[in-house]
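Fold and contact review
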Amino acid sequence: RRPPRSTQSRSSAASDVYKRQDRNRDGVVDFDEFLIGVRGSLNPTRQAIVDLAYQKFDRDGSGYITPDDLRGVYNTKFHPKVKSGEMTEDQVFLQFLESFGDADKNGIITKKEWDDYYAAVSSSVDNDEHFVEIMRMAWKL
């Protein structure tokens, strides 16, 4: 029979688990981070399609997606908030980048940010075929 762990070691272990789950290091484990923790990282089938999409947008091969890489793909000119004057085209574009994983809001999407974003998306899609189809349709792959 193993002796019980000390309270300190249990607290330390819980803290370690929490830190691993808080992928964006904001001090909160949100729902997507929780799902990733439960389901894990992308499997090879899903990772392959996520990589293919990333390569499509990293047009200059720099290893990260910049606003210049995406400008030809996402046109903000006709966005309702641009048309109303509420936001500039650049503001809408940066908001778009943030929605696709620009965790540090620097206007650049790293491969890790992209993978983390799609790991969260993947965690709510039950089968590989459906996930691959979603990616193919969304990014015209």
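Relevant structure appears above.
Now for a look at the structure at hand. (Residues numbered from 1 in each chain as written. Predicted model: local features only at pLDDT ≥ 70, side-chain atom pairs only at ≥ 80, totals over all residues. Heavy atoms only, no water.)

**Describing the overall build of the chain**
Within the chain, the regular secondary structure consists of eight helices and two strands. Scanning the chain from its N terminus toward the C terminus, one meets helices and strands in the order α-α-α-β-α-α-α-β-α-α. Within the span of the chain, comprising 141 residues, buried residues form 30% of the whole. Summarising the internal contacts of the chain: among those between residues at least 6 apart in sequence, 50% fall at separations of at least 24. Carbon and sulfur atoms provide 53% of the accessible area of the chain, an area that totals close to 9,300 Å². (Helix = DSSP H or I, 4+ residues; strand = E, 2+ residues; numbered from the N terminus. Buried < 20%, exposed > 50% of the residue type's maximum accessible area, 1.4 Å probe, protein only. Contact = heavy atoms within 4.5 Å. Areas by Shrake-Rupley, 256 points an atom, 1.4 Å probe, with all protein chains shown as cover.)

**Here's the deal with unusual backbone geometry**
Despite not being glycine, Lys140 shows a phi value in the positive range, around 50 degrees. On the secondary structure map, Lys140 appears in the segment after α8 (128–139). Here Lys140 falls in the exposed class, since its relative accessible area comes to 71%.

**Some thoughts on the pattern of salt bridges**
For the coordinates displayed, the defined rule picks out five salt bridges. Linking Asp128 and Arg46 is a salt bridge whose minimum nitrogen-to-oxygen distance equals 2.6 Å. Of this pair, Asp128 sits in helix α8 while Arg46 is found in helix α3 (residues 44–57), placing the two residues 82 residues apart along the sequence. The exposure class of Arg46 is buried, given its relative accessible area of 5%. Ionic pairing is found between Lys111 and Asp51, a salt bridge with its closest N-O pair at 2.5 Å. Of this pair, Lys111 sits in helix α7 (residues 111–122) while Asp51 sits in helix α3, placing them 60 residues apart in sequence. The network of salt bridges with common partners includes Asp51, Lys111 and Asp115. (Salt bridge = Lys/Arg side-chain N within 4 Å of Asp/Glu carboxyl O.)

**A word on the nonpolar core**
By size, the foremost hydrophobic cluster in this structure holds 21 residues, and its most contacted members are Val50, Trp114, Tyr118, Phe131, Met135 and Trp139. Elements represented by at least two residues in this core include exactly α3, α6 (89–99), α7 and α8. By residue number, the principal contributor to this core is α3, which donates five residues. The residues touching Tyr118, leaving out its near neighbours within four places in the chain, are Leu42, Val50, Phe100, Phe131, Met135 and Trp139. (Core = buried A, V, L, I, M, F, W, Y, C linked by side-chain atoms within 4.5 Å.)

**Remarks on the packing of aromatic side chains**
Per the counting criterion, the structure on display carries six aromatic pairs. When the centroid spacing of 6.0 Å and the interplanar angle of 40 degrees are considered together, the rings of Trp114 and Trp139 count as tilted. One end of the pair, Trp114, is in helix α7; the other, Trp139, is in helix α8, with 25 residues separating them in the sequence. Judged by relative accessible area, which is 2%, Trp114 ranks as buried. Taken together, Tyr54, Phe57, Trp114, Tyr117, Tyr118 and Trp139 form an aromatic cluster joined through their ring pairs. Across from the ring centre of Tyr54, 5.6 Å away, lies the NZ or CZ of Lys111, which sits over that ring. (Phe/Tyr/Trp six-rings, centres within 6.5 Å; stacked < 30°, edge-to-face > 60°. Lys NZ or Arg CZ within 6 Å of the ring centre and 35° of its normal.)

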